[in-house]
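Here is how the chains run, residue by residue.
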Amino acid sequence: MRELPVFIVAFVLYIVVTGSMTLYDIITGVITGVTAALLFSKHLIKNPKKALNPCRWLSFLIYFIKYVTVIELRAHLDVMKRIITKETRPGIVKVPITVRDEYGRFLVANSITNTPGTVTVYMDDEYAYVNWISVETDDMEERRRKILEEFEKNAIKIFGGADE
Amino acid sequence: MRARLAGMLMLGMIIICLAYFLRSLFTSTPEISSLGKFYLQNSYLGERSAGSPEVVTSILWDYRGLDTYFETAVLFLAIISAVSVFRNMEHREVGDGFTGITKTGIKLVAFVTFVTSASVAFHGHLTPGGGFQGGSILAAVSLLVIAGFSKGALEGNGITKDRALAIRTLGLAIITAVAFYPLLEGFNFMQNLPVYPVRIRGLLISGSLLLYNVAEFLAVGAGFTIIFLLLSLPEVRRE
């Protein structure tokens, strides 16, 4: 059962990478997908039901679109403004992170890194250590709200809650 | 006795093949093409040439110098990335690994790279790429696992040195069989058409090209994996 979602993703990826969908591509894609599923599913999937849930994939897509448009734009504008006004106060801060799911944490960490102004430097079980362009507050909760609350909410929607 | 006979037969075959391919070197004087004359004139003989008798070098670093320069830059970038991936490798102990971010990322990238390598190898007769290129990408997957997790992680998943050696041997055996089979049918060594079909049920496989590509893919991917396994150090158990 764990193999099925990995097979589907591998097959779709194969077709996308190949860029065509003739019978030959489908046959070799199935061979590749089955091999990839046998080799990787043990490591990639813990809960196949979650991986096959279309609602989670849909919220992933919605988040992706919102991320590359709205969130990225907002962060870019903010950094541009700081470059012009020289309003920077860089420093590494500790931010609590509550998502427990492996991919959820991965998504939050990379969402932070990919937006200009913040970089995840390190992450342990409870905290993310973030290099922030302008350290605005000493309050841990407020930092969490400013830096990763939105990412975390979406990560929970896509990959599951804090204690799943 | 039989083993010795087989060995002699093999050696004989190799000598005959070599002689067949090399005979043109000894029988005819090669003619210089107009392009060849141009290169000779401009790299060695001409007035404004660098006078280097090593024509290939003077083309690489002179007429085609920009290309070589950026090639070197690309290689340098590749080395920088390798160094940054392996930066924590010194005296690594169990438990000293990367954070979850890196490990999850490596799992996903390894998966995507694996699928891509297969696509490159399977489409070697249709698009640029092929068995060697696909196999090199495949070997990068094992290198990534060694760098991000450990040598033991790769071996724990069944990719041991002996298995990789078996896969490599299988690949080489297929290549040898495909190359020699036309001789049995009365054609030349490594001849493609008409021994192998261009299409099977309408699917273009370009005769022996697909077979060579798939076999080369296995041989190169497993071959480089063996080298990486031999060169990497196991983790030290903490006392």
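Residues numbered from 1 in each chain as written. Chains lettered and ligands numbered in written order. Predicted model: local features only at pLDDT ≥ 70, side-chain atom pairs only at ≥ 80, totals over all residues. Heavy atoms only, no water.

**Observations regarding the overall build of chain A**
Just so we agree on the cut-off: Every helix listed is a DSSP run of H or I at least four residues long, and every strand listed is a run of E at least two residues long, numbered separately from the N terminus. The rule is simple: take the accessible area with a 1.4 Å probe, protein chains only, and divide by the maximum for that residue type; under 20% is buried, over 50% is exposed, in between is partly exposed. Where accessible areas are quoted, they stem from the Shrake-Rupley method and a 1.4 Å probe; at the residue level, only the protein chains shown are allowed to cover. Counted as positive: Lys and Arg. Counted as negative: Asp and Glu, with His and the chain ends omitted from the count. Here the site of a charge means NZ on Lys, CZ on Arg, CG on Asp, or CD on Glu.
Counting secondary structure elements, chain A contains 7 helices and 3 strands. Walking chain A from its N terminus toward its C terminus, one meets helices and strands in the order α-α-α-α-β-α-β-β-α-α. Seen along its three principal axes, the alpha-carbon backbone of chain A occupies a region of about 60 × 35 × 25 Å. Taken across its 164 residues, chain A has 43% of its residues classed as buried. When the accessible surface of chain A is totalled, it reaches about 9500 Å², and 65% of it is carbon and sulfur. Within chain A, one finds 21 positive and 20 negative side-chain charges whose respective centroids are separated by 1 Å.

**Some points on the pattern of salt bridges**
All names here are of chain A. In plain terms, the rule: Salt bridge, as used here, is a side-chain nitrogen of Lys or Arg placed within 4 Å of a carboxyl oxygen of Asp or Glu.
By the definition in use, this model includes 15 salt bridges over all chains. Between lysine 46 and glutamate 102 there is a salt bridge, and its shortest N-O distance comes to 3.2 Å. Within this pair, whereas lysine 46 is found in the loop between α2 (23–44) and α3 (48–51), its partner glutamate 102 is found in helix α5 (residues 102–114), the two being separated by 56 residues in sequence. Under the relative-accessibility criterion, lysine 46 is labelled exposed at 69%.

**A look at the UniProt feature "transmembrane region" (unreviewed entry) in chain A**
Residue and element names in this part refer to chain A. Stated precisely, the cut-off is as follows: UniProt positions are given in the numbering used here, feature names are shortened, and annotations may be inferred rather than shown by experiment.
Annotation from UniProt places "transmembrane region" (unreviewed entry) at residues 7–40 and 60–77. Helix makes up 88% of residues 7–40 and strand makes up 0%, while its end C-alpha atoms are separated by 10 Å. Secondary structure content for residues 60–77 is 100% helix and 0% strand, and the end C-alpha separation is 24 Å.

**Quick notes on the interface of chain B and chain A**
Stated precisely, the cut-off is as follows: Working rule for contacts: check all heavy atoms of both residues, and any pair within 4.5 Å makes them a contact. Buried area adds together the accessible area that both of two parts lose upon being put together, with accessible area traced by a 1.4 Å probe. In the analysis that follows, any N or O atom pair within 3.5 Å is treated as a polar contact, provided that within protein one partner can donate a hydrogen and the other can accept it, and provided that, for residues neighboring in sequence, both atoms belong to side chains.
Contacts between the two partners involve 24 residues from chain B and, on the opposite side, 29 residues from chain A. When chain B packs against chain A, close to 2300 Å² is buried across both sides, 78% of that on carbon and sulfur atoms. For the interface between chain B and chain A, the tally reads 1 salt bridge. For Glu102(A), the salt bridge goes to Lys107(B), with nearest N and O atoms at 2.9 Å. For the pair chain B and chain A, the interface holds 7 residue pairs in polar contact (both at pLDDT 80 or more). For the side of chain B that touches chain A, the secondary structure elements donating two or more residues are α5 (100–122) and β2 (203–204) of chain B.

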